[in-house]
Each structure stands twice: as C-alpha cells, then as structure tokens.
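Structural characterization, general
Residue strings, one per chain:
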Amino acid sequence: MTDTRSEAAETEGARRAREALEASGIEHRILVSTERARSLVEAAAQRGIEPRDIVKTLVVRRGSGDYVFVLVPGDREISWPKLRTHLGVNRLSMPPADKAQEATGYERGTITPFGSSTAWPVIADATVPGRTISMGAGAHGTSVTLAADDVVRVLDADVVDVTDPAETDGA
C-alpha cells in the first residue's frame, strides 16, 4: 500500500475511507491532488489514467431509507431498465446530494463504499472486474487505485450488466 497524502490535514471522510481500505487488507494506493477536478476527464488527467478507469460510486435509492451502491466505469452510465430488472423493482431514483450524504456519510463526488456510514449492498457493472481502477476515497481530490477484483471480493458485490456506453457529445 502506498499513500501519497500531502501535508494537508486529512478530512474525516478521507480518514474513514483510508481506515476501511486498510482494514480490508486490499493492496491500494491513495493519491491526494492539490486541485479539485471539475469533470471526469479532468480527474482522469490528474490521475494519469483514462476516464474509463475511474469507477464512480453512485448511490441509488430503491425505497425509503433503502439504498444500493452501483459501481459504474467513467465511460458508462446506469441502464435503469437493467438495474430495475436486476433488483426486481419498478422504481429507482438518484437521491438529492443531501440525502446521498445522509445515507453514506460522504459528500457527492467523494462517495465510496469503503467507510460508508451504512454498509449498503454493492452492485458492480460487469465491465468493472479484471482491471486496475481508480475510485473516490472520501474527500474531494482524494482517490484510491486498486484491483477491481479485490473491490468486488471484499465488498461482496454483485457483478451484473447494469450499464450502457455513455452518450458522448462528439467532443
């Protein structure tokens, strides 16, 4: 495990994520950037990787007080019909930022299943395993690089096809 934290004080969210990662025994590397990324493309450039290698942790509400984490590669987006079918529900939604933070303990853009205030079920898109990925790590500008297979194993994630390629604007 390598930690490239700067001299800046570690936030509460980053500390919880780091401690959960350390407790998991997963080999990982934490990177702290001095600048907050304004987009997925910018975040990938800061990390020296392709956008597809960033795996976003999305919080999906399936009922009152009932959420799941969905791990989605940067070049993909949730397919709501596929996810509803997998979960056996007719309705899903993305909670507002304040509700996502209440459910996880993390601010949107920093959410990770590692160290979340509640251990919600995890669904990893079928394109996630078999590679090295970068994920948020509890604070803006903080990320973790690790093997996707370790993430799936430690989080006991369901690996299911729940995404489609992201639509691009031609840029």
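See the structure above.
To start, this report covers the structure provided alongside it.

Procedures and definitions
- Residues numbered from 1 in each chain as written.
- Predicted model: local features only at pLDDT ≥ 70, side-chain atom pairs only at ≥ 80, totals over all residues.
- Heavy atoms only, no water.
- Helix = DSSP H or I, 4+ residues; strand = E, 2+ residues; numbered from the N terminus.
- Contact = heavy atoms within 4.5 Å.
- Polar contact = N/O pair within 3.5 Å; in protein donor to acceptor, adjacent residues only side chain to side chain.
- Core = buried A, V, L, I, M, F, W, Y, C linked by side-chain atoms within 4.5 Å.
- Buried < 20%, exposed > 50% of the residue type's maximum accessible area, 1.4 Å probe, protein only.
- Pairing = 2+ DSSP bridges.
- Axes fitted to C-alpha atoms, helices over the stretch in contact; angles between N-to-C directions.
- Phe/Tyr/Trp six-rings, centres within 6.5 Å; stacked < 30°, edge-to-face > 60°.
- Lys NZ or Arg CZ within 6 Å of the ring centre and 35° of its normal.

1. A short note on the environment of Arg 36
With respect to the helices and strands, Arg 36 occurs in the loop between β2 (28–32) and α2 (40–47). As for Arg 36 and Ile 49, which are separated by 13 residues in sequence, their C-alpha atoms are 16 Å apart. In contact with Arg 36, not counting residues within four places along its chain, are Glu 42, Gln 46, Glu 107 and His 140. There is a polar contact of 3.1 Å between the side chain of Arg 36 and the side chain of His 140.

2. Details of the nonpolar core
Among the nonpolar cores identified, the biggest contains 28 residues, and Leu 71, Phe 114, Ile 133, Met 135, Val 144, Leu 146 and Val 151 are the most heavily contacted of them. Here this core gets 4 residues from one element, more than from any other, and that element is helix α5 (residues 148–155). Not counting residues up to four positions away in its chain, the partners in contact with Ile 133 are Asp 53, Val 55, Val 128, Val 144, Thr 145, Leu 146, Ala 148 and Val 151. One finds Leu 58, Leu 83, Leu 87 and Ile 123 within the second-largest nonpolar core, a separate group that totals 12 residues.

3. Side note on the sheet that holds strand β4 (residues 66–73)
Strand order in the open sheet made by the 4 strands is β3-β4-β6-β9, with mixed pairing throughout. The open sheet terminates on both sides in strands that have one partner only, identified here as β3 (55–63) and β9 (158–160). Direction aside, the axes of adjacent strands within the sheet are offset by 30° on average.

4. Brief notes about the packing of aromatic side chains
Two measures describe an aromatic ring pair: the distance that separates the ring centres and the angle between the ring planes. Evaluation of the coordinates by the stated rule reveals 1 aromatic pair. Summarising the aromatic geometry, the rings of Tyr 67 and Trp 120 are spaced 5.3 Å apart at their centres and angled 70° between planes, so their arrangement reads as edge-to-face. Of this pair, Tyr 67 sits in strand β4 while Trp 120 is found in the loop between α4 (97–104) and β6 (122–125), placing the two residues 53 residues apart along the sequence. Per residue, the accessibility class of Tyr 67 equals that of Trp 120, and both read buried. Directly above the ring of Tyr 106 sits Arg 16, whose terminal nitrogen or CZ lies 4.4 Å from the centroid.

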